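So you can see what is in the structure, the chains are spelled out below.
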Amino acid sequence: MNLPNNDDLHLLAGSYALNALDDVERRRFESHLTSCTTCQDDIAGFRLAVDELAVATSQAPPPAMKARVLAEVGRTRQVSTVPARSMSVGRALPRLALAAAVVAALGMGGLAAQQRERADRYQEAASLATAPDARIVRLAGRTGAAQMIYSPTTGSGVLVADNLAPAPSGRTYQLWIIEAGTPRPIGTFDTNSAHHGELRVTSLPGSGSLVAVTEEPDGGSQLPTTAPLLASDPV
Amino acid sequence: MYLGDGARLDTMRMPRRLRSVQINDVNPEALLVRVGQGDRQAFEALYDTIAPVVYGVARRVVRDPQMAEDVAQEVLLEVWRQAPRFDPAKGRAASWIVTIAHRRAVDRVRAEQTRHNREDRVGRDASAEPAQSDVGNHLEEQVVRDGIAAGLSALTDTQREAVRLAFYEGRTHSEVAQLLGIPLGTAKTRIRDGLIRLRDAVEPMEVNLS
């Protein structure tokens, strides 16, 4: 994965406006964008250009689509206007909410998983979640999602991945912490037939680092060899 | 043109084609704000205005008609779900919707690519191959026509190709670099310079008025 330094980030405004960044680049750029007024101005202007590209493609949708969309709208709730990002990044959450999130995440493990091992991990994650300094980092991607729950005082944590199909034969998933653009291998894990996987973590992300998951050859790699499947915002 | 009339000035500054997006004298921002308050009638009016753009983007990027329809439906539903978060102070309704539509279409096309690559893994990087020839010629021609309509003619050939691959084919800039056989830095620059020219072409008033 090619991580740009800060000087290069300005160059990414065009690619960002065209959705031409991969997930890690996009998150890094979005984090840069919050404090860079030059890029904010660039993006505002580029949006006009992009709108124009989009409007040029206009064509009448299949007529039956409208009734289907309106029917869906009739039974779909809108989001509440509580800021969506307030819970997303590396923030100590109210402990009960966090514990509930862990229970929900682990609950998706499926019946086939070894019950005993799961119970142990559950206990571990639950105790992490109720630690006074518990933190949670969410990783998102095009398919699948994961949460890393950890406690800075105990120096340990757990990654819980869901909706992630098992890696192809000969391949595995690998977790990385990316600090100042340098990826550090944390460990490998696989997911089960219920698309659920977990990994114990004893190396924690520092402030401003990213957490990401790639697919690698069995045994893992020293440096990522594929684009990230899942990535977090800067912690 | 008299510069004292704010409303008129806004209309003048809006790119020509987007003005046609405003129908029934209802401005899309006001409509989207009403949708955000749960107004289903407003959504229906908004649907008539934006569904062709949403479907057009989906069709162009994902290509397969059935998949494009799925994507367009998801996007329109997402517009309904997310509408309470739309803030007219931060940008135009058209941009907000186009951003959701293009991102969703690109996500779908990349997920399909990943699935494809996994299914027939042949030990080489499929993304290094040029775009497959199953793209109908008429579609290519359509893209060229759209491109001209959208002001892409203001771009150099190399800028146009980079912007076309990124926007209409949903390629990442790394893929653009690979497909064109150029360094990543050059791809980034072409995309960025292309958008600057395009912006200046669709927004000439900005320069004069600011």
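About the thresholds
- Residues numbered from 1 in each chain as written.
- Chains lettered and ligands numbered in written order.
- Predicted model: local features only at pLDDT ≥ 70, side-chain atom pairs only at ≥ 80, totals over all residues.
- Helix = DSSP H or I, 4+ residues; strand = E, 2+ residues; numbered from the N terminus.
- Buried ≥ 20, exposed ≤ 12 C-beta atoms within 10 Å, placed from the backbone.
- Contact = placed C-beta atoms within 7 Å.
- Nonpolar A, V, L, I, M, F, W, Y, C, P; charged D, E, K, R; others polar.
- Axes fitted to C-alpha atoms, helices over the stretch in contact; angles between N-to-C directions.
- Parallel < 35°, antiparallel > 145°, perpendicular 65-115°, else oblique.
- Left-handed = near helix turned anticlockwise from the far one by under 90°.
- Pairing = 2+ DSSP bridges.
- Core = buried A, V, L, I, M, F, W, Y, C linked by C-beta atoms within 7 Å.
- pLDDT = per-residue confidence, 0-100.
- Arc of directions from axis to C-beta.

1. Looking at the overall build of chain B
Piece 1. Counting its secondary structure elements, chain B contains 11 helices and zero strands.
Piece 2. Looking at chain B as a whole, 39% of its 210 residues qualify as buried.
Piece 3. Of the contacts formed within chain B by residues at least 6 apart in sequence, a portion of 58% connects residues at least 24 apart.

2. A few points about helix 9 (residues 173-180) of chain B
Piece 1. Taken together, the buried positions of helix 9 of chain B are H173(B), S174(B), E175(B), V176(B) and A177(B).
Piece 2. Turning to helix 9 of chain B, the residues buried within the fold contact helix 2 (13-17) of chain A together with helix 8 (157-168) and helix 10 (184-202) of chain B.
Piece 3. Positive phi appears at G181(B), one or two residues downstream of helix 9 of chain B, with a value of about 65°.

3. Let's talk about the interface of chain B and chain A
Reports often express the size of an interface as the amount of accessible area lost when the parts come together.
Piece 1. Listed by partner, the interface residues are 62 residues for chain B and 44 residues for chain A.
Piece 2. For the side of chain B that touches chain A, the elements supplying multiple residues, two or more each, are helix 2 (16-19), helix 4 (40-62), helix 5 (65-82), helix 6 (93-119), helix 7 (137-149), helix 8, helix 9 and helix 10 of chain B.
Piece 3. Ranked by residues supplied to the side of chain B that touches chain A, first place goes to helix 4 of chain B with 12 residues.
Piece 4. Of the residues that constitute the side of chain B that touches chain A, the class distribution is 32 nonpolar, 11 polar and 19 charged.

4. Here we look at the packing of helix 5 (residues 64-74) of chain A against helix 5 of chain B
Piece 1. Running from N to C, helix 5 of chain A and helix 5 of chain B cross one another at 40°; their axes reach a closest spacing of 10 Å. The angle between the axes of helix 5 of chain A and helix 5 of chain B places the two elements in the oblique class. Helix 5 of chain A and helix 5 of chain B meet at a crossing whose hand is right-handed. Residues M65(A), R68(A), V69(A), E72(A) and V73(A) of helix 5 of chain A touch helix 5 of chain B, and the partners they reach there are E69(B), A72(B), Q73(B), L76(B), L77(B) and W80(B).
Piece 2. In terms of residue class, the contact of helix 5 of chain A with helix 5 of chain B is made up of seven nonpolar, one polar and three charged.

5. Some remarks on unusual backbone geometry
Piece 1. A positive phi angle is found at N19(A), which is not glycine, with a value near 55°.
Piece 2. Among the structural elements, N19(A) can be located in the loop between helix 2 and helix 3 (23-33).
Piece 3. On the neighbour-count criterion, N19(A) (22 C-beta atoms within 10 Å) is buried.
Piece 4. At R63(B), a position not held by glycine, the phi torsion is positive, near 75°.
Piece 5. Tracing the sequence through the fold places R63(B) in the loop between helix 4 and helix 5.

6. Some words on the pairing of strand 3 (residues 156-162) of chain A
All names here are of chain A.
Piece 1. Taken across its seven residues, strand 3 has six buried, putting it largely inside the fold.
Piece 2. Where strand 2 (residues 145-151) meets strand 3, seven bridges bridge the pair, whose relative direction is antiparallel. For Q147, the partnering residue across the bridge sits in strand 3 and is V160.
Piece 3. The antiparallel pairing of strand 2 with strand 3 creates a hairpin that spans four residues between the two strands, and G155 there sits at a positive phi of about 70°.

7. Comments concerning the nonpolar core
Piece 1. Formed by 66 residues in total, the largest nonpolar core has its most connected members in V54(B) and A58(B).
Piece 2. When residues in this core are grouped by element, the largest group, 12 residues, is from helix 4 of chain B.
Piece 3. When near neighbours in sequence (up to four residues on either side) are disregarded, A58(B) contacts A68(B), V71(B), A72(B), V75(B), A101(B) and A105(B).
Piece 4. I149(A), L159(A), I186(A) and V211(A) belong to the second largest nonpolar core, which has 33 residues in total.

8. Considerations on the environment of V54(B)
Piece 1. Positionally, V54(B) belongs in helix 4.
Piece 2. As for V54(B) and V71(B), which are separated by 17 residues in sequence, their C-alpha atoms are 8.8 Å apart.

9. Quick notes on the confidence of the model for chain B
Predicted coordinates in areas of low pLDDT are best not read in detail.
Residue and element names in this part refer to chain B.
Piece 1. Averaged over chain B, the pLDDT score is 78; the fraction of residues at 70 or greater is 69%.
Piece 2. Within chain B, helix 1 (residues 6-13) has the poorest average pLDDT of any element, 36, and helix 5 the best, 96.
Piece 3. Taken as a whole, residues 1-25 scores under 50 in pLDDT and shows 24 contacts with residues more than four places along the chain or in a different chain.
Piece 4. Taken as a whole, residues 122-137 scores under 50 in pLDDT and shows nine contacts with residues more than four places along the chain or in a different chain.
Piece 5. In the model output, the complex is listed with pTM 0.58 alongside ipTM 0.76.

10. What to know about the packing of helix 9 of chain B against helix 10 of chain B
The axes of two packed helices give the description: the angle between them and the distance between them.
Residues and elements named next belong to chain B.
Piece 1. At a minimum axis distance of 8 Å, the contact between helix 9 and helix 10 shows a crossing angle of 110°. What the angle tells us is that helix 9 and helix 10 run roughly perpendicular. Packed against helix 9, whose contacting residues are H173, S174, V176, A177 and L180, the element helix 10 presents L184, T186, A187, K188 and I191 at the interface.
Piece 2. In the contact of helix 9 with helix 10, the residues fall into six nonpolar, three polar and one charged.

11. Looking at helix 3 (residues 28-36) of chain B
All names here are of chain B.
Piece 1. Among the residues of helix 3, those classed as buried are P28, L31, L32, V35 and G36. An end-on view of helix 3 places all buried positions within 145° of arc, on one side of the element.
Piece 2. Just past helix 3, the residue G38 takes up positive phi, approximately 90°.

12. So, the pairing of strand 5 (residues 182-189) of chain A
All names here are of chain A.
Piece 1. In this sheet, strand 5 lies alongside strand 4 (residues 171-179) in antiparallel orientation, the contact comprising seven bridges. By the bridge assignment, E179 is partnered in strand 5 with T182.
Piece 2. Between strand 4 and the antiparallel strand that follows it, strand 5, lie two residues; A180 among them carries a positive phi value of about 50°.

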